[in-house]
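Listed below, chain by chain, are the residues.
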Amino acid sequence: MNHNNLLNEFESKFGNGGDIRGYFTPGRVNLIGEYTDFNGGYVFPCGLTMGTYMIARKRADRKLNMYSMNFEKKGVVQSSLDEFMQGSEKNWTMYSKGVMWAFEEKGYQLDLGYDFLVYGNIPNGSGLSSSASLEVLTGIMLKDMNTTKSIENKNDVNGIQNLSLQDIALIGQFAENKYVGVNCGIMDQFAVAMAKKDQAIFLDTNNLSFKYVPVKLGNHKIVISSSNKKRSLADSKYNERRSECEKALVLLQTKKDVSCLCELTVADFNEIKDVIEDDVLLRRAKHTIYENERTKNAVTALENNNIEEFGNLMKDSHRSLRDDFEVTGIELDLLVEEAVKCEGVVGSRMTGAGFGGCTVSIVRDDCIDSFIEQVGRVYEEKIGYCADFYVAGVGDGAHKIDLEEAAHYDE
Ligand code: GLA
């Protein structure tokens, strides 16, 4: 992306001059550990080189002028810092406004409004966290540009400038939960904020301890296949899965003193699972607890350069998400089914919330073209429209971008 084009576009919408700054946050792909993050379990996502850019300038009043190059037809959406109502209109600006609302809710007062332009090259609604990317992007912009009294007072531990990237991720999650209305876990915002080039994040969502693990795949790459099925049901079904997990936990707690599903090992679970009579709840809990164990094992496999094992665990993960957690659907199942038939594929699974969106596959370099050809052809034949494929670059997390350089290119 040429930062100059973004700057020109910004200036054509909002005029030039003043202190104009730029920011970037990636999308993310989760390699394994699905639907564990609101159950206190492990996840293993990495940042992408695709992501979201923001060019912003502070205003002298409390107005907000927001423009997305991805939603040109909407034009400049106008609002103001005094207009935040919970659950306001549903368009792309709710993610940015939600974060501003969340800053205020958490006691970080915003003084003045902004003009900002956003451009993202993550396919929207594809399960690659375009929304978390925009939330964290807004958060780092607010931290960088806001100058409320609490900032001037350096001793004020609550000042915006003392917010860490992790704090901003948590504020993003809060906005998503309470403003947007999706009861997501912390994985996406955390990954987008904290990602590191060529590394995945092995995160314990129970206490946010984490380590970076090099994504060493030898002569293989991560290939993302997008089903191009919009995840219209995702939000309501997502919340439903979360409450099913909560119900299962309450039952299991009558047998064992745990605070979340992922505190149970597979062995613990098998010992006490009969307390859950409802088959649906039983399968939801089973997926979660087995997936947590798979995630730990997958990280060990990757650290030991055993990508075959890593791939097998990805396949198991998909089966469990399909049969026990029931969040896949025919499009994602077909993408995985066809992927694993292709030469050079060590593993494949759905990634993110599911119900549409993307799969992630590990494919040998010399087989990527034939993989895309074969999976793409069968998908179009059976589903009736095309899938898209991306060879993923593993990129850095949230950061400022340099608008000074005449023409700076990155992906
Ligand atoms: C979405 C949510 C995450 C996580 C995944 C499923 O991406 O935002 O918090 O729950 O689904 O693993």
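Please refer to the structure higher up on the page.
Residues numbered from 1 in each chain as written. Predicted model: local features only at pLDDT ≥ 70, side-chain atom pairs only at ≥ 80, totals over all residues. Heavy atoms only, no water.

Moving on, we get to the overall build of the chain. When its secondary structure is counted, the chain shows 12 helices and 13 strands. In terms of C-alpha radius of gyration, the chain reaches 22 Å, essentially the compact-globule figure of 22 Å for 411 residues. On the principal axes, the C-alpha backbone points of the chain span a range of 60 × 50 × 40 Å. In the chain, buried positions account for 57% of the 411 residues. Considering only contacts in the chain between residues 6 or more positions apart, those separated by 24 or more positions represent 74%. With an accessible surface of roughly 16800 Å², the chain has 45% of that area assigned to carbon and sulfur atoms. Across the chain, the mean location of the 46 positive side-chain charges is 2 Å away from that of the 62 negative side-chain charges. (Helix = DSSP H or I, 4+ residues; strand = E, 2+ residues; numbered from the N terminus. Rg over C-alpha atoms; globule rule 2.2 N^0.38 Å. Buried < 20%, exposed > 50% of the residue type's maximum accessible area, 1.4 Å probe, protein only. Contact = heavy atoms within 4.5 Å. Areas by Shrake-Rupley, 256 points an atom, 1.4 Å probe, with all protein chains shown as cover. Lys, Arg positive; Asp, Glu negative; His and termini not counted. Charge placed at Lys NZ, Arg CZ, Asp CG, Glu CD.)

Glancing now at the site of the ligand. Within the structure, the ligand sits among Arg28, Glu34, Tyr35, Asp37, Cys184, Gly185, Met187, Asp188, Tyr238, Gly352 and Ala353. The contact in question runs from an oxygen atom of the ligand to an N or O atom on the side chain of glutamate 34, over 2.6 Å. In the environment of the ligand, an oxygen atom lies 2.6 Å from a nitrogen or oxygen atom belonging to the side chain of aspartate 188. Out of a free accessible area of 310 Å², the ligand has 93% covered by protein chains. (Near = heavy atom within 4 Å. Polar contact = N/O pair within 3.5 Å; in protein donor to acceptor, adjacent residues only side chain to side chain.)

One pass over the full model with this rule turns up 18 aromatic pairs. Between tryptophan 101 and tyrosine 179, the ring centres sit 5.5 Å apart and the planes meet at 45 degrees, which makes this aromatic pair tilted. Separated by 78 residues along the polypeptide, tryptophan 101 in helix H2 (residues 93-105) and tyrosine 179 in helix H5 (residues 165-180) bring together distant segments of the chain. Owing to a relative accessible area of 9%, tryptophan 101 belongs among the buried residues under this scheme. Taking NZ or CZ as reference, lysine 106 lies 4.0 Å from the ring centre of phenylalanine 174, over its face. Sitting over the face of the ring of tyrosine 290, lysine 286 holds its NZ or CZ atom 5.7 Å from the ring centroid. (Phe/Tyr/Trp six-rings, centres within 6.5 Å; stacked < 30°, edge-to-face > 60°. Lys NZ or Arg CZ within 6 Å of the ring centre and 35° of its normal.)

Right, let's get into unusual backbone geometry. Of note, the phi angle at aspartate 198 is positive, near 65 degrees, even though the residue is not glycine. One can find aspartate 198 in the loop between helix H6 (187-194) and strand E7 (199-204). A residue is classified by how much of its surface remains accessible, and aspartate 198, at 43% relative accessible area, is partly exposed. Unusually for a residue other than glycine, glutamate 326 sits at a positive phi of about 55 degrees. The topology assignment puts glutamate 326 in the loop between helix H10 (307-323) and helix H11 (330-341). The exposure class of glutamate 326 is partly exposed, given its relative accessible area of 36%.

Here helix H12 (residues 368-383) contains 16 residues, and its C-alpha end-to-end distance of 21 Å stays within 8% of the 22 Å for a straight helix at 1.5 Å per residue. Taken together, the buried positions of H12 are occupied by Ile368, Phe371, Val375, Gly376, Val378 and Tyr379. Lining the buried residues of H12 we find strand E9 (220-226), H11, strand E10 (345-351), strand E11 (358-364) and strand E12 (388-391). Positioned one or two residues after H12, glycine 384 has a phi angle of 100 degrees, which is positive. (Expected span 1.5 Å × (residues − 1).)

Strand order in the open sheet made by the six strands is E5-E4-E6-E3-E1-E13, with mixed pairing throughout. Here the strands that pair on one side only, and so sit at the sheet edges, are strand E5 (77-80) and strand E13 (399-401). Looking at each pair of strands side by side, their axes are set apart by 30 degrees on average, direction ignored. As paired elements, strand E1 (residues 20-30) and E13 share three bridges and run antiparallel to each other. In the sheet register, tyrosine 23 faces E13, and the bridge partner there is lysine 400. Helix-sheet contacts for H2 involve strand E3 (45-58), strand E4 (63-68), E5 and strand E6 (114-120), and the interaxial angle to E4 is about 145 degrees. Sitting on the sheet, helix H3 (residues 130-145) is in contact with E1, E3, E6 and E13, with an inclination near 150 degrees to E1. (Pairing = 2+ DSSP bridges. Axes fitted to C-alpha atoms, helices over the stretch in contact; angles between N-to-C directions.)

Bringing the sheet that holds E7 into the picture now. The three strands are arranged E2-E7-E8 in an open sheet whose pairing can be described as antiparallel. Each edge of the open sheet carries a strand with a single partner, namely strand E2 (42-43) and strand E8 (209-214). Both E2 and E7 contribute to a ladder of two bridges, which runs antiparallel. When the sheet's bridge partners are listed, tyrosine 42 is paired in E7 with aspartate 204. Where H6 meets the sheet, it contacts E2, E7 and E8, and its direction lies at approximately 140 degrees from that of E7.

Right, let's talk about the nonpolar core for a bit. By size, the foremost hydrophobic cluster in this structure holds 75 residues, and its most contacted members are Tyr35, Met100, Phe103, Phe116, Met141, Leu142 and Leu252. With eight residues, the single largest contributor to this core is H3. Leaving out residues up to four positions away in the same chain, phenylalanine 103 has contacts with Tyr108, Leu110, Gly139, Leu142, Ile160, Leu163 and Ile171. In this structure, Ile122, Ala200, Ala301 and Val394 belong to the second largest nonpolar core, which totals 30 residues. (Core = buried A, V, L, I, M, F, W, Y, C linked by side-chain atoms within 4.5 Å.)

These figures capture arrangement, not role.
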